[in-house]
Amino acid sequence: MYEYSTNSTVANVLLILYYQLISLEMKLAQTLSVNVGREEDALASQLFQSLVSCGTLRTAVWNKQAISGGLYKLQAPEKPNVNVTREFHDVMGDIICPSQVMGISHLRDPRLNKGLAFTLEERQVLGIHGLQPARYKSQEEQLELCRLSISRYQEDLNKYLYLVELQDRNEKLFFRLLSENVEQMMPIVYTPTVGLACQKFGLIYRRPRGLFLTINDRGHCYDVIKNWPESDVRCIVVTDGERILGLGDLGACGMGIPVGKLALYTALAGIKPHQCLPITLDVGTNNQNLLEDPLYIGLRQKRVTGQEYDEFIDEFMQAVVTRYGQNTLIQFEDFGNHNAFRFLDKYRKTYCTFNDDIQGTAGVAVAGLMASCRVTDKKKVSENTFCFLGAGEAALGIANLTVSAMLDEGLTTEEACSKIWMMDIDGLLAKGRPEGKLAGHKALYAKDHAVCKSLVDLIKEVKPSVLIGASAAGGAFTPAVLQAMGSFNKRPVIFALSNPTSKAECTAEQAYANTEGRCIFASGSPFGPVTYGGKTFHPGQGNNAYIFPGVALGVIATGIHHIDDEVFLISAQELAKMVSDDDIERGSLYPPLSKIREASIKIAMRITKYAYDKGYATVYPEPEDKKSYIENQLYNYNYECSMPKSWKWPVPPHIQTRPMEPIKIKE
């Protein structure tokens, strides 16, 4: 059968010509010899292809049955099919046009699927009655089944795969499960399990999710981005896979990070899924093990660097704003240390962008420092002395935002920087040291000090009140280091922020045991409760998820074009306010993970106020009730009625009409 387009006069004329050709060819077949027909057949074929290319014929089937020995016929339909419907995968956004969605799409499209929650009336009206068992299950019953199913898996990677399959099948159920069970599900969809998923990505890859742009697409980035079916993209998480968590260069297998990050955008901040786009920039990998791995899914070549790489990133950034607009949020994720700060400094004034490894990590760490002042004898952040192990993008980001917090408390930049001591793989950041460059942001924290490569010796000399690890060096906070911190601090603050768990500088148990249970501990990966000296501690996880979803929600809601560090400082302040006395008594510097969605809304409200006060917002008029305004932006993960809405009209008043009379046409 053919499907005809009937909305064009030209198409209708061509359709008439097509039927005339069929009639002419039938007569030729009856009058000419059996050897005639090839030229006519070629002519018919050319016209047929013209009709297809111009859109008059959408699909066609050749009838290969020979007539009079040589002519092939186009089998004409009994009647044109003018009911044009869209396939389920053509449904875009969150506004569904009922006349363009087939009933079966409600079972096939994860955005429309409700499983067994379709009512009898919905099944009958949508034409899917009989395609499901008779049983009706509410979303609550389905959630309970999901919890039971996931608990049956012993390995976290299998739990991860179950959740991926659920997202591919039933979007609303997936996000409700994640949003209402954050403490149980977040370690699976994100760190630490997502790190293992990235390492095994070639093995577990099932179906496309996100967009892959390769260095071979240079000059055509916009063309590739156009292939993404959604037109209302508001936020993008992009990685080049060079520094995935603390696991190093994973190349194209790093796609698990943007996918997991954006799942948290929706679950924890209510950003609509169709507005999120995960992207991996595949420029190769220097991981020889991956290059030799037959399951590797990316370009099998060494990383492209230098000018060619920079021009590719420039083209990508321009292609995004050309396709989706200037205020599209572009979050950089897990780029190499040598590129992360460089790109942040390069693009922050010309694009709506931030780097979560630098700024998101800094926001959550500074929030913990602010909350710790309620426990220690320090009343302000500026009263502390800080020692960092690690001087990469995360550590420098925390240091920079800590300086901003101290400036806000009245210190000068020089005074604030003097309170921060940093060590990297080459030792203390000391001016004139023979090893290790002190370029860029590192130079701000370089000290006039002798070369020092021992963390213990530095701690004993400087006597910091806060020890922060962001080095991805597992076990670097040895018992000697921890004991030194406890020797001159009544309540030492110890942050072991590296991910995943295997890269953490120390465990919670080690921190409490080596400080006689007196330390205030936070980590980047989750640790379970620790009992020491008859007291049970529930250490807080300094997870970036406390910060970046709320920041993204606030930026999108107000249309901010550029994101400055002040946004992350006020986000940290808002998060610190949410830490209750009960949280601190439990040993946590952060609210429970179950309150992240609440934290995201409060952060977004604070950013909204800031944006309008500073004149950065581009959405007008300014909402009077900012909380209601933010809440109206949120994704609804509860099932809704699948049937088109109907309503009644009032009974019209009776009006007597005049009789119809013939109308004479004047000559």
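In this convention, every chain numbers its residues from 1, walking through the sequence in written order. Reporting in this predicted model follows two pLDDT cut-offs: at least 70 for local features of residues, and 80 or more for side-chain atom pairs to be given and counted; totals over whole chains, interfaces and linings ignore these cut-offs and use all residues. Each side-chain value is worked out from all heavy atoms of the structure, with water and hydrogens disregarded.

A. Molecular detail of the overall build of the protein. Working definition: helices are DSSP H or I runs of at least four residues, strands are E runs of at least two. Numbering for both runs from the N terminus. When you go through the protein residue by residue, the secondary structure sums to 26 helices and 16 strands. We call two residues in contact when some of their heavy atoms are within 4.5 Å. Sequence separation of 24 or more characterises 70% of the internal contacts of the protein that already satisfy a separation of 6 or more. As displayed, the protein offers around 31700 Å² of accessible surface, 52% of which is attributable to carbon and sulfur atoms. Here the accessible surface of atoms and residues is derived via Shrake-Rupley with a 1.4 Å probe, and residues count as covered only by protein chains that are part of the display.

B. View of the pattern of salt bridges. Whenever a carboxyl oxygen of Asp or Glu lies within 4 Å of a side-chain nitrogen of Lys or Arg, that contact is scored as a salt bridge. Counted by the stated rule, this structure contains 38 salt bridges. Across the pair Glu598 and Lys602 runs a salt bridge, and its minimum N-O distance is 3.4 Å. Of the two residues, Glu598 and Lys602 are both situated in helix H25 (residues 596-614); the distance of 4 residues between them amounts to about one turn of the helix. The class for Glu598 is partly exposed, based on a relative accessible area of 37%. Only protein chains enter the accessibility calculation, which uses a 1.4 Å probe; a residue whose area is less than 20% of its type maximum is buried, one above 50% is exposed, and one in between is partly exposed. Overall, the relative accessible area of 33% leaves Lys602 in the partly exposed class. Salt-bridge contacts for Glu622 lead to Lys626; the nearest nitrogen and oxygen are separated by 2.9 Å.

C. Summary view of the pairing of strand S6 (residues 329-332). Here S6 shows a buried face lined by Leu329 and Gln331 and a second buried face lined by Ile330 and Phe332. The pairing criterion for strands is at least two bridges between them, as found by DSSP. In the sheet, strand S4 (residues 235-239) pairs with S6 via 4 bridges, with the strands oriented parallel. Residue pairing across strands places Val238 opposite Phe332, the latter belonging to S6. Call a crossover right-handed when, viewed with both strands pointing away from you, the route from the first strand across the helix to the second goes clockwise. In this fold, the crossover linking S6 to strand S7 (residues 353-355) by way of helix H15 (residues 337-347) has right-handed handedness.

D. Just helix H6 (residues 156-169), in detail. For H6, which comprises 14 residues, the first-to-last C-alpha distance of 20 Å matches the rise-based estimate of 20 Å (1.5 Å per residue) to within 8%. Listing the buried residues of H6 in full gives Leu157, Lys159, Tyr160, Tyr162, Leu163, Leu166, Gln167 and Asp168. Buried-residue contacts for H6 involve helix H5 (139-151), helix H7 (171-180), helix H8 (182-189), helix H9 (193-199), helix H10 (201-204) and helix H12 (256-269). To estimate how far a helix should extend, the number of its residues minus one is multiplied by 1.5 Å.

E. Up close: the environment of Gly251. Among the secondary structure elements, Gly251 is positioned in the loop between S4 and H12. Under the relative-accessibility criterion, Gly251 is labelled buried at 1%. Those residues within four positions of Gly251 in sequence are excluded, and the remaining contacts are Asp240, Gly241, Gly284, Thr285, Leu290, Tyr296 and Arg303.

F. Representation of helix H22 (residues 548-558). Of all 11 residues in H22, 11 are buried; the element is thus mostly enclosed. Within the span of H22, buried status applies to Phe548, Pro549, Gly550, Val551, Ala552, Leu553, Gly554, Val555, Ile556, Ala557 and Thr558. Directly beyond the C-terminal end of H22, a positive phi value near 70 degrees is found at Gly559.

G. Quick look at the packing of aromatic side chains. Working definition: a ring pair exists when centres of Phe, Tyr or Trp rings (six-membered ring for Trp) sit within 6.5 Å. Plane angles under 30 degrees give stacked, over 60 give edge-to-face, the rest tilted. Using the criterion set out here, one finds 19 aromatic pairs in the structure. For the pair Tyr610 and Tyr616, a centre-to-centre distance of 5.8 Å together with 70 degrees between the ring planes defines the contact as edge-to-face. With relative accessibility at 10%, the residue Tyr610 sits in the buried group. With relative accessibility at 36%, the residue Tyr616 sits in the partly exposed group. An aromatic cluster is defined as three or more aromatic residues linked by ring pairs; in this entry it consists of Tyr309, Phe332, Phe335, Phe343, Tyr347 and Tyr351. Consider the ring centre and the ring normal. A charge sits over the ring if Lys NZ or Arg CZ is within 6 Å of that centre and within 35 degrees of that normal. Geometry around Trp421 places Lys447 over its ring, the cationic atom sitting 5.3 Å from the centre. The ring of Phe488 carries the charged tip of Lys463 above its face, separated from the ring centre by 5.7 Å.

H. Layout of the packing of H22 against H25. Lines fitted to the C-alpha atoms define the axes, with helices restricted to the stretch that makes contact. Angles between their N-to-C directions range from 0 to 180 degrees. Orientation of H22 relative to H25, taken along the N-to-C sense of each, is 40 degrees, at an axis distance of 8 Å. In terms of axis orientation, H22 runs oblique to H25. Between H22 and H25 lies a crossing of right-handed hand. Contacts between H22 and H25 involve Pro549, Gly550, Val551, Leu553, Gly554, Val555 and Thr558 from the first element and Ser600, Ile603, Ala604, Ile607, Thr608, Ala611 and Tyr612 from the second. Basically, the charged four are Asp, Glu, Lys and Arg, the nonpolar ten are Ala, Val, Leu, Ile, Met, Phe, Trp, Tyr, Cys and Pro, and anything else, Gly included, counts as polar. Along the lines of polarity and charge, the residues of the contact of H22 with H25 split into 9 nonpolar, 5 polar and no charged. Any angle between 65 and 115 degrees counts as roughly perpendicular, while under 35 counts as roughly parallel, over 145 as roughly antiparallel, and the rest as oblique. Left-handed describes a crossing whose near helix is turned anticlockwise from the far helix by less than a right angle; the clockwise case is right-handed.

I. Just unusual backbone geometry, in detail. Put simply, Thr191 and Pro192 share a cis peptide bond, and its omega is 10 degrees. Along the chain, Tyr620 connects to Pro621 via a cis peptide bond; the corresponding omega equals 0 degrees. At Ala472, a position not held by glycine, the phi torsion is positive, near 60 degrees. Secondary-structure assignment places Ala472 in the loop between strand S11 (466-469) and helix H20 (479-488). Its relative accessible area of 34% is what places Ala472 among the partly exposed residues. Unusually for a residue other than glycine, Glu516 sits at a positive phi of about 60 degrees. Within the secondary structure layout, Glu516 lies in the loop between helix H21 (508-513) and strand S13 (520-523).

J. Just the environment of Gly486, in detail. Within the fold, Gly486 resides in helix H20. Gly486 gets classed as buried once you look at its relative accessible area, which sits at 9%. Considering only alpha carbons, one finds Gly486 and Ala511, 25 residues apart in sequence, at a separation of 9.7 Å. Residues in contact with Gly486, not counting those within four places in the same chain, are Pro492, Thr515 and Arg518.

K. Spatial organisation of the sheet that holds strand S10 (residues 427-428). Spatially, the 7 strands line up as an open sheet ordered S10-S9-S8-S11-S12-S13-S16, and their pairing is mixed. Looking at strand neighbours, the two that pair on one side only are S10 and strand S16 (540-541), the edges of this open sheet. In the sheet, strand S8 (residues 386-389) pairs with S11 via 4 bridges, with the strands oriented parallel. Looking across to S11, one finds that Cys387 is bridged to Leu467. Its contacts with the sheet put helix H16 (residues 356-372) on S8, S11, strand S12 (493-496) and S13, and the angle it makes with S12 is roughly 160 degrees. Packed onto the sheet, helix H17 (residues 393-408) meets S8, strand S9 (420-424) and S11 and runs at close to 175 degrees relative to S9.

L. Region of the structure containing the pairing of S13. Every second residue of S13 is oriented toward a common face, with Ile520 and Ala522 on one face and Phe521 and Ser523 on the other, all of them buried. As defined by bridge partners, S12 adjoins S13 across 4 bridges and the pair is classed as parallel. Looking at S13, one finds that Val493 is bridged to Ile520. Viewed along the sheet, the connection from S12 through H21 into S13 turns out right-handed. The pairing of S13 with S16 spans 2 bridges and is classified as parallel.

Shape is all these values report; function is a separate question.
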